[in-house]
Each structure stands twice: as structure tokens, then as C-alpha cells.
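Listed below are the residues making up each chain.
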Amino acid sequence: MTRITKLVFGIVTLISLAAFSWIPVKDVAPSRPNIIIIFSDDHALKAISAYGSPYVKTPNIDRIGREGAVFENMFCTNSICAPSRATLLTGKYSHINGHRDNQGTFDASQAMFPKYLQQAGYQTAWIGKWHLKATPQYFDFWEVVPGQGLYYNPNFIQMDGKTVRKEGYATNVITDDALNWLESSRDTSKPFCLVIGHKAPHREWQPDTTDLHAFDGKTFPMPATFYDTYEGRKAAQHQDMQIATPTMRLGLDLKVDIDTMPIIKRMNPAQLKAWKAYYDPLNKAFKEQKLTGKALDNWKFQRYMHDYLACILSVDRNVGRVLDYLDKHGMKENTLIMYSSDQGFYLGEHGWFDKRFMYEESLHMPLLVRYPPKLKPGTRTKQLFVNTDFAPTILQTAGVPIPADMQGKSFLPLPKPAESRKAVYYHYYEYPYDHRVMAHFGIRTERYKLIYFYGNGESWEFFDLKTDPDEMKNEYANPKNGAVISQLKRDLKKLTQEYKDTEATEMLAKEGV
Ligand code: CA
């Protein structure tokens, strides 16, 4: 090389090094994708603006859908907390993975997606709410809140068995821990799968201090079905989850006397001061009014919505922190990120809070997914999916074979219309506690729903979601639906057989199906 050539070569090399040297080594994308699942608790679709919420704006959660896809029909197979997490992990229905209700301890030694990911060289982590009682397995790192966890200054169980208290608001602290793990603790030579499990917005809906005044002056519209009389629906008549009854507690749930609430004993002075400044004057006014009847119902609804939605604001903000981290570190293209919740929730529809029923509000799970290699920005899909599909989707994305005994299918890439699921199978068990929702199983197609309630008197319900989206009219006994119902029963039986739910198959046989 001549001196000039050497000089030019040297300058080019220096420029090249300068251009690339600012990228930290750990941010060089591994060839296999990373996976992040942000899994909140009890987040109703109607509390997400991407689903047209009339109540709240969730710009960060919406952003996942805008840069990826909004799934309009992702369904839970058993609408309750711990079983939903068991299904997320195993890709199996509750009767197969053994976790049918919130009682008992999950068998965490059984095969589940993190085990297969670990075998394939992935690093796995679960941070936040776990709720399965058993010690997490197949996670290289975990740090989980005990049971339901606490909103303020929560305890965490760590891998060494020790419990530590962390100062701050749960949704922030869980996100801090997740970002710390991403930044400082993970093995950057491996692709990772991280689950961020939020406690929020679970009962008792305790907002962060910064969100207490976010809805000042706002009145939330009551759903048209708030005063549902449950005509023709025996199980709905039998439930115990109405906002208007003492089951929605003025004290612990609605905070009318915060000095008596256990959570304030965990708060630091600044947190308590903010709570007292917000709640005390409102509670004083409430007590002076001595509300009764519908005025009291409305007050309870307004306070419930305020607290629930304020918890959502924190979830949304913390979703934004994770998205910003990925963008800033050049990880957007190579990371599958999903936002979902263990199931939906009632925000006053049918007069209820809580979940459990196979009706639309609690059957639906929110699901927004960003994964540029497989999803065009702004995608919306109405295809039917269920939560047994999560584990197969995660494995397929990671390039890991899906075990034959997993009961779902990958939703990435989106199936062609001809290959999409035609009907969804659901089975709920937990009765009578909490909330006295009878056990039931059923089938939902794009248009129809057929439910069989059992365990305390048997009854069938049939809804045409096209003409009755709020499920107010049980049309099971209407002769004009005879042919549709007969077909749905045959399809329901096939699903119980396909998913090996022998108890349900036997119950159907007794019903002549
Ligand atoms: Ca839940």
C-alpha cells in the first residue's frame, strides 16, 4: 500500500469503528428473537383505548397494537387468575395441567414453555405476580410477589428463598426489576424470554399517588346493562359479584375510611399524605350525603371506576418504559412483545365486577402483539384464539418444536382465514367461593355461544351475539334456534373429546348429547 492508500484505509477504518463503537456489545441482536410477555391481572378490554374504551386512554399499550396487531378475539379458557397463568405456561386446559381454580398449588415441575426454551439455549425470567404458590421452575431468574402481592412497598420472594421489601408502587417496582434484569443481569450471549407479571389492576384497585387526581371532574357512564335483572339466566341470578351489594365493600374495596385499611400501614409518610389528601375530603362528603338506592350504586360505581382506571394509567406508563427500553437499545425488530391480561373483567356490565363467567367481558383477554418480522403495523384481527395458543406461539417464534401434547396453536404468523379456529371451548370450575359463579362449560363461535351450567342445578344458555351482543336474552328455549343449538351441541361434544375433557363429555352424554 502507498502511504496515501494506507492513510485513506486508516481513516475509513476509524470512521467505521466510530460508527459502530457506540453500540454496546450486549445490544447486538442475537440471531434468535427475544420474547417479552407483559401479563397484567383483570384488565378489561373496555379499559384499553385500542379496543375503543369509553373511559381511559392507554397510549403505550395502544402503541404495541399500532406498531403490530390488536387481537379482538383472544379468549380465556377458564376465566380466573391462577388457572390462566397455568395455561399460559403449559399451553394446556385446566383439566390437563391440573390447575382448575385458585385453590391448591400448581405442579410447576410439569413441562411448560420455559423448560423447552431453556433446553434450546434461551434465558428465561419471570418477574412480578406469579400466583401459582409453587416455586417457579425453568426460569434462570425469578423474583415474584407472594400470592396476590401488595400495591405499596411490596414484598418479593427471591430465588434464595428470602423475602425482601421494595419501596415504591408495585407496577413501577416490578418494571424497575424487569428493566434492571434486562440491563444488568441477563446473559447477553443468549436470546431471552421475560414475563413481566403485574398485580394491577386487581382488586382492591389501589392507585399510585401520581394518578389519584387523573380523573378529577370526570363522571364515568354506567353501562346500559348495570340494572340487568338476569331474566332467563339462572346462574346470573345466583352469582354474588354485584357492585350494588355489600360484596363490593365500602371499606376495603372503595376506601371510604382509609385509616382502617391494612395497606396504609405499609405506606411511607409521603404515600399516606397523598392518599389522605385525595380520599379524605371525598369520603367526608360521601358520609354527609347519606346516599341510598341508585344514588349509592352510582357512587360505588364511580369510585370503583376511578380506582380501577387509575391503576391502569400506571400499567400503561410502565408498558411505555419497556417499549422505550427496547427501542433505545435497538431491540425492537428482534423482540416479540405481547401485552395481555389473565382474563377480562366486568366494569359494571350486568351490574358486576370480577370475572369467571363465559360472558364476553370476562371471556375476552386483551392481546396486543408487536413483532415486526411477522406482523404488519396496524393489523387488527377478529380470528378466534385461546390462551392455550400462547405457549405454542412463543415456542414457534423461538424456533423450538411445539410438543404434541400442547393443546393450542401458534398465532404467528396469523393463520390464513381458511385455517382459523371455528369454535372456542371454555370450562370454569371454581364454586361456590368466591362470588358463587356456578361451574360451566361451553362453546363460542364467531356468532353464537352455548353454555352448560352445572353443580347446583343444571341449565343451558344460548346467545346470538350478532343480535344480542350484551347477552341479555337466553334464547335456548326458542324453537327457531333448534337446528343451530343441535349443531353447537355436536360441536361442543367434539371439542370436549378433542381436548380430552372427559368429565364434560360424560355430562353431555347425560344430557343426551
Ligand atoms: Ca385475574
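None of the values given here were measured: they were computed from a predicted structure. Throughout, residues of each chain are indexed from 1 in the direction in which the sequence is written. Where local features are concerned, this predicted model is filtered to residues with pLDDT of at least 70; where side-chain atom pairs are given and counted, the filter is 80 or more; whole-chain, interface and lining totals use all residues. By convention in this description, side-chain values take in all heavy atoms of the structure and omit both hydrogens and water.

### Some words on the overall build of the protein chain
The test is simple: Labels follow the DSSP assignment, with helices taken as runs of H or I lasting at least four residues and strands as runs of E lasting at least two, numbered in each case from the N terminus. Our radius of gyration looks at C-alpha atoms and nothing else; its globule reference is 2.2 Å times the residue count to the power 0.38. When accessible area is computed with a 1.4 Å probe and restricted to protein chains, residues below 20% of their type maximum are described as buried, those above 50% as exposed, and intermediate ones as partly exposed. The contact definition used throughout considers only heavy atoms, calling two residues in contact when any of these lie within 4.5 Å. Positive charges come from Lys and Arg, negative ones from Asp and Glu, while His and the chain ends are left out of the count. For this purpose, a charge sits on NZ of Lys, CZ of Arg, CG of Asp or CD of Glu.
Within the protein chain one finds 13 helices and 15 strands. Its C-alpha atoms give the protein chain a radius of gyration of 24 Å, near enough to 24 Å, the size a compact globule of 513 residues would have. The C-alpha extent of the protein chain, read off along each of the three principal axes, is 95 × 60 × 40 Å. Here the protein chain holds 513 residues, and the buried ones make up 59% of them. For the protein chain, contacts bridging at least 24 residues in sequence account for 69% of all contacts bridging at least 6. Computing the positive centroid from 64 side-chain charges and the negative centroid from 58, the protein chain places the two 3 Å apart.

### So, the coordination of the calcium ion
Basically, it comes down to this: Any N, O or S atom lying within 2.8 Å of the metal counts as a donor, and for Na, K and Ca the limit rises to 3.2 Å; water is left out, so some sites can look incomplete. Key to geometry: four donors with every angle between 85 and 135 degrees are tetrahedral; four donors are square planar and six octahedral where opposite donors lie over 155 degrees apart and all remaining angles lie between 65 and 115; all other sites are irregular.
Around the calcium ion, the protein contributes the donor atoms Asp41 (OD), Asp42 (OD), Cys81 (SG), Asp342 (OD), Asp342 (OD) and Gln343 (NE2), at 2.2 to 2.7 Å from the metal centre. In this structure, the calcium ion is surrounded by six donor atoms whose angles at the metal cover 52 to 149°, and the resulting shape is irregular. One chain supplies every donor for the calcium ion, spaced along it as D-D-x38-C-x260-D-Q. Residue classification places Asp342 among the buried residues on the basis of a relative accessible area of 0%.

### Here's the deal with the pairing of strand S7 (residues 192-197)
The criterion, for reference: Pairing between two strands is assigned when DSSP locates at least 2 bridges connecting them.
In terms of burial, S7 is a largely internal element, six of the six residues being buried. Here S7 shows two buried faces, one formed by Phe192, Leu194 and Ile196 and the other by Cys193, Val195 and Gly197. The sheet contact formed by strand S1 (residues 34-40) and S7 spans five bridges and is parallel. Bridge assignment links Ile38 to a residue of S7, and that residue is Ile196.

### Focus: unusual backbone geometry
The residue after Leu412, namely Pro413, is reached through a cis peptide bond having omega -5°. Looking at the element boundaries, Pro413 is found in the loop between helix H11 (390-397) and strand S12 (423-428). The backbone of Asp354 sits at a positive phi, close to 75°, despite the residue not being glycine. Looking at the element boundaries, Asp354 is found in the loop between strand S8 (335-341) and helix H10 (360-363). Look at Asp354 and you get buried, because its relative accessible area is 5%.

### A closer look at the packing of helix H8 (residues 269-289) against helix H9 (residues 293-328)
Rule in force here: Here, axes are lines fitted to C-alpha atoms. For helices the fit covers the stretch in contact, and angles between N-to-C directions go from 0 to 180 degrees. When an angle is under 35 degrees it counts as roughly parallel; over 145 it counts as roughly antiparallel; between 65 and 115 it counts as roughly perpendicular; any other value is oblique. In this classification, the charged set is Asp, Glu, Lys and Arg, the nonpolar set is Ala, Val, Leu, Ile, Met, Phe, Trp, Tyr, Cys and Pro, and all remaining amino acids, among them Gly, are polar.
Relative orientation of the contacting elements H8 and H9 amounts to 170°, with a least axis distance of 13 Å. When the axis of H8 is compared with that of H9, the two are roughly antiparallel. Contact residues: H8 offers Tyr278, Tyr279, Leu282, Asn283 and Phe286, while H9 offers Leu296, Trp299, Arg303, His306 and Asp307. By residue class, the composition of the contact of H8 with H9 is six nonpolar, two polar and two charged.

### Some points on the UniProt feature "domain: N-sulphoglucosamine sulphohydrolase C-terminal" (unreviewed entry) in the protein chain
As a reminder of what qualifies: UniProt positions are given in the numbering used here, feature names are shortened, and annotations may be inferred rather than shown by experiment.
Those places that UniProt annotates as "domain: N-sulphoglucosamine sulphohydrolase C-terminal" (unreviewed entry) correspond, in this numbering, to residues 348-497. Helix makes up 19% of residues 348-497 and strand 25%, with an end-to-end C-alpha separation of 36 Å.

### Considering the packing of aromatic side chains
How we decide: Ring pairs are drawn from Phe, Tyr and Trp, using the six-membered ring of Trp, whenever the two centres fall within 6.5 Å, and their geometry is named by plane angle: stacked under 30 degrees, edge-to-face over 60, tilted for the rest. In our convention, an over-ring charge means Lys NZ or Arg CZ found within 6 Å of a ring centre and within 35 degrees of that ring's normal.
Summed over the entire model, instances satisfying the criterion amount to 41 aromatic pairs. Residues Trp352 and Phe357 carry aromatic rings whose centres are separated by 4.7 Å and whose planes lie at 10° to one another, so their mutual orientation is stacked. With respect to class, Trp352 is no different from Phe357; both count as buried. What links up through ring pairs into an aromatic cluster is the set Tyr93, Tyr425, Phe441, Tyr452, Tyr454, Trp460, Tyr476 and Tyr499. Its end group placed over the ring of Trp460, Lys489 keeps NZ or CZ at 4.5 Å from the ring centre.

### Observations regarding the packing of helix H6 (residues 170-185) against H9
Following both chains from N to C, one finds H6 and H9 inclined at 10°, their axes separated by 9 Å at the closest point. In terms of orientation, H6 and H9 fall into the roughly parallel class. Two secondary-structure elements touch here, H6 through Thr171, Asn172, Thr175, Asp176, Leu179, Leu182 and Glu183 and H9 through Ser314, Val315, Asn318, Arg321, Val322 and Tyr325. Tallied by class, the residues present in the contact of H6 with H9 amount to five nonpolar, five polar and three charged.

### Quick notes on the environment of Gln237
This is how the line gets drawn: A 3.5 Å cut-off defines polar contacts: any pair of N or O atoms within that distance qualifies, except that in protein one atom must be a possible hydrogen donor and the other a possible acceptor, and neighbouring residues in sequence count only when both atoms are side-chain atoms.
Looking at the element boundaries, Gln237 is found in helix H7 (residues 234-238). Spatially, the C-alpha atom of Gln237 lies 9.6 Å from that of Val437, the residues being 200 residues apart in sequence. Among residues more than four places away in sequence, those in contact with Gln237 are Tyr230, Glu231 and Gly232. A distance of 2.9 Å separates the side chain of Gln237 from the backbone oxygen of Tyr230, its partner in a polar contact.

### Digging into the sheet that holds strand S14 (residues 448-454)
Taking strand neighbours across the sheet as the criterion, the four strands line up as S12-S13-S14-S15 in an open arrangement whose pairing is antiparallel. Since the sheet does not close on itself, it has two edges, and those belong to S12 and strand S15 (459-464), each with one partner. Across the sheet, the mean angle separating the axes of adjacent strands is 10° when strand polarity is ignored. As paired elements, strand S13 (residues 439-445) and S14 share six bridges and run antiparallel to each other.

### Considerations on H6
Of the residues making up H6, those classed as buried are Ala170, Thr171, Val173, Ile174, Thr175, Asp177, Ala178, Leu179, Trp181 and Leu182. Lining the buried residues of H6 we find S1, strand S3 (123-129), strand S4 (141-145), strand S5 (155-158), S7 and H9.

### Here we look at the nonpolar core
Generally speaking, nonpolar side chains in soluble globular proteins are found buried as a group. Just so we agree on the cut-off: We define the nonpolar core as a collection of buried residues of types Ala, Val, Leu, Ile, Met, Phe, Trp, Tyr and Cys that are connected through side-chain atoms lying within 4.5 Å of one another.
Within the largest apolar cluster, 71 residues are counted, with the highest numbers of intra-cluster contacts made by Ile36, Leu194, Trp275, Tyr304, Tyr308, Leu309 and Tyr339. Elements with a contribution of two residues or more to this core: S1, helix H2 (59-66), S3, H6, S7, H8, H9 and S8. Ranked by the residues each element gives to this core, the list is headed by H9, at 16 residues. Trp275 has contacts with Tyr152, Gln206, Pro207, Thr209, Leu212, Lys255, Ile258, Met261, Ile263, Met267 and Asp280, leaving out every residue within four places of it along the chain. Residues Ala86, Tyr116, Met338 and Ala398 belong to the second largest nonpolar core, which totals 45 residues.

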